[in-house]
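Now for the letters of each chain:
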Amino acid sequence: MALSVPAFPFTLVVHALGISLLVLVLVWTTDFRGGFAWESTNKSLIFNIHPLLMLIGLIVIGGEAIISYKSLPFTKEVKKLIHLVLHAIALVLGIVGICAAFKYHNESSIANLYSFHSWLGIVIIVLYGIQWVYGFVIFFYPGAPNGLRSESLPWHVVFGFLVFLMAIGNAAIGFLEKLTFLENSGLAKYGSEAFLVNFTALITVLFGAFVVFSVLSQVPAEEDNAYSPI
Ligand code: HEM
C-alpha cells in the first residue's frame, strides 16, 4: 500500500517538525523546569533528562532513521548505513533517558514501574533493541541468506513502524502524565507552561503522522526500497 504522491514534501515537514520538537522540549526543560543534571540535590533536574532524551532519541532521531530511505539523496548502501547508525543513536539515547527516569525515582523515593506509561516504555525499549539487533544481523553483519533477508524485510518494516508509533503514543502519555502531576501541585491549567507541554505533545503526534505519510509515499522509481545486500 502506497500513496501516489512524492515523499519530498512530507519528509520536509518531518524535518521542520523535528527541529520544532527539539526547540519546544529544550524551552520547556530549561526555561520552565530549570535545566538538567545527572547528579543534583534538585532531583527534578535528573528527571528533565528523561523527556529530553526520549524525544530527541526515540521520536526525532528514530523518525529520521525511518524516513532516511525516502529523505536522503544517497545510494541505497549509504542510506542503509545511515538508517542503522541513526537507530543505534536513538536506542542509546532512549536507554539513557529511561535510566534517568529510574534514577530520579530511586533518589526521590518514588516507586518504579507503577504506570501504564512505564510498562509500555519498557516494552518499547526492549522491542527497539530486538529490532535493531535482528536488523543488524540479518541485513548488515554477518547477513542472512537472500531468502531469509527478503522474507524478513516486510516484518522489519511493519515491526519497526509499530514500535515507532507506540513510542509516539507513549511520549504523548508521558507529557500528559507529567503535566497532570504539575497541575495537581498547583500549576495553572491555562498557563503558558501547560500550553507549551500540550502543544509539544500535539507536535509529537503530528511528527508521527508525517513520518507515516513519508513512509507510505513514493520515492522516484530508480530509488525503490526493495532489499539489496549492502
Ligand atoms: C517513547 C518515549 C518514552 C518512553 C519509552 C518512556 C519510558 C519511561 C519509563 C520506562 C519510565 C519508568 C521509570 C520508572 O519506573 O522508574 C518512565 C517514567 C516517566 N516518564 Fe517516560 N518515557 C517516554 C517519554 C516520556 C516523555 C516525553 C515524558 C514527558 C514528560 C515522560 C514522562 C514520564 C514521567 C512523568 C515518568 C514518571 C512517572 C511514571 O513512571 O509513569 N516520558 N518513562
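Position numbers for residues count from 1 along each chain, tracking the sequence in the order it is written. Reporting in this predicted model follows two pLDDT cut-offs: at least 70 for local features of residues, and 80 or more for side-chain atom pairs to be given and counted; totals over whole chains, interfaces and linings ignore these cut-offs and use all residues.

Caption draft 1: Region of the structure containing the overall build of the protein chain. Per the secondary structure count, the protein chain includes six helices and zero strands. Each helix and strand of the protein chain, placed in order from N terminus to C terminus, yields the pattern α-α-α-α-α-α. We take the radius of gyration over the C-alpha atoms and set the globule estimate at 2.2 Å times the residue count to the 0.38 power. Taking 2.2 N^0.38 as the reference for a compact globule, 230 residues should give roughly 17 Å; the C-alpha atoms of the protein chain span a radius of gyration of 19 Å, in line with that estimate. For the C-alpha atoms alone, the extent of the protein chain along its principal axes is close to 55 × 35 × 25 Å. For the protein chain, with 230 residues in total, the buried portion stands at 32%. Sequence separation of at least 24 residues holds for 77% of the intrachain contacts in the protein chain that already meet a minimum separation of 6. Comment: elements are numbered from the N terminus, with helices defined as DSSP H or I runs of at least four residues and strands as E runs of at least two. Around each residue's C-beta, the other C-beta atoms within 10 Å are counted; 20 or more make the residue buried, 12 or fewer make it exposed, and counts in between make it partly exposed. All C-beta atoms are placed from the backbone. Here contacts are defined at the residue level, using C-beta atoms placed from the backbone and a cut-off of 7 Å between them.

Caption draft 2: Inspection of the packing of helix α2 (residues 43-71) against helix α3 (residues 76-107) at higher detail. Relative to each other, α2 and α3 sit at 160°, their axes nearing to 7 Å. Comparing their axes, α3 and α2 come out roughly antiparallel. You can see that α2 and α3 cross each other, and the crossing is left-handed. Residue classes follow a fixed rule: Ala, Val, Leu, Ile, Met, Phe, Trp, Tyr, Cys and Pro count as nonpolar, while Asp, Glu, Lys and Arg count as charged, and any other residue, Gly among them, counts as polar. Looking at side-chain class alone, the contact of α2 with α3 contains 19 nonpolar, eight polar and five charged residues. Where helices are involved, their axes are fitted lines through C-alpha atoms of the stretch in contact, as for all axes, and angles between N-to-C directions lie from 0 to 180°. Put simply, angles under 35 degrees are roughly parallel, angles over 145 are roughly antiparallel, angles from 65 to 115 are roughly perpendicular, and the rest are oblique. Put simply, a crossing is left-handed when the front helix is turned counterclockwise from the back one by less than a right angle, and right-handed when it is turned clockwise.

Caption draft 3: View of the packing of helix α4 (residues 116-140) against helix α5 (residues 146-184). With their axes 9 Å apart at the nearest point, α4 and α5 run at an angle of 155° to one another. Here α4 lies roughly antiparallel to α5, going by the angle between them. Note that α4 runs across α5; the crossing there is left-handed. Taken together, the residues that form the contact of α4 with α5 break down as twelve nonpolar, nine polar and two charged.

Caption draft 4: Quick peek at the site of the ligand. Defining nearness, a residue is near a molecule or strand when the C-beta atom obtained from its backbone falls within 6 Å of it. What surrounds the ligand is a group of 25 residues, the closest being Met54, Ser115, Ser118, Gly121 and Gly174. Elements with a contribution of two residues or more to the shell around the ligand: α2, α3, α4 and α5. Ranked by residue count, the leading element in the shell around the ligand is α5, at seven residues. Grouping the amino acids of the shell around the ligand by side-chain chemistry returns 14 nonpolar, nine polar and two charged.

Caption draft 5: Representation of the UniProt feature "domain: Cytochrome b561" (unreviewed entry) in the protein chain in the model. UniProt positions are given in the numbering used here, feature names are shortened, and annotations may be inferred rather than shown by experiment. UniProt marks residues 13-216 with the feature "domain: Cytochrome b561" (unreviewed entry), using the numbering shown here. In residues 13-216, the share of helix is 83% and the share of strand is 0%. The end C-alpha atoms are 14 Å apart.

Caption draft 6: Structural view of the UniProt feature "transmembrane region" (unreviewed entry) in the protein chain. Here the UniProt feature "transmembrane region" (unreviewed entry) sits at residues 7-29, 49-69, 81-104, 116-141, 153-175 and 195-216. Taken end to end, residues 7-29 is 96% helix and 0% strand, and its first and last C-alpha atoms sit 33 Å apart. Within the segment residues 116-141, helix and strand shares are 96% and 0% respectively, and the terminal C-alpha atoms sit 36 Å apart.

Caption draft 7: Representation of unusual backbone geometry within the structure. Each neighbour pair has its own omega, and for Tyr141 with Pro142 the value is 0°, a cis peptide bond. When you line up the elements, Pro142 lands in the loop between α4 and α5. Even without glycine at this site, Ser109 takes up a positive phi of about 55°. Position of Ser109 among the secondary structure elements: in the loop between α3 and α4. Judged by C-beta crowding, with 7 C-beta atoms within 10 Å, Ser109 ranks as exposed. One non-glycine residue, Leu113, lies in the positive phi region at around 50°. Among the secondary structure elements, Leu113 is positioned in the loop between α3 and α4.

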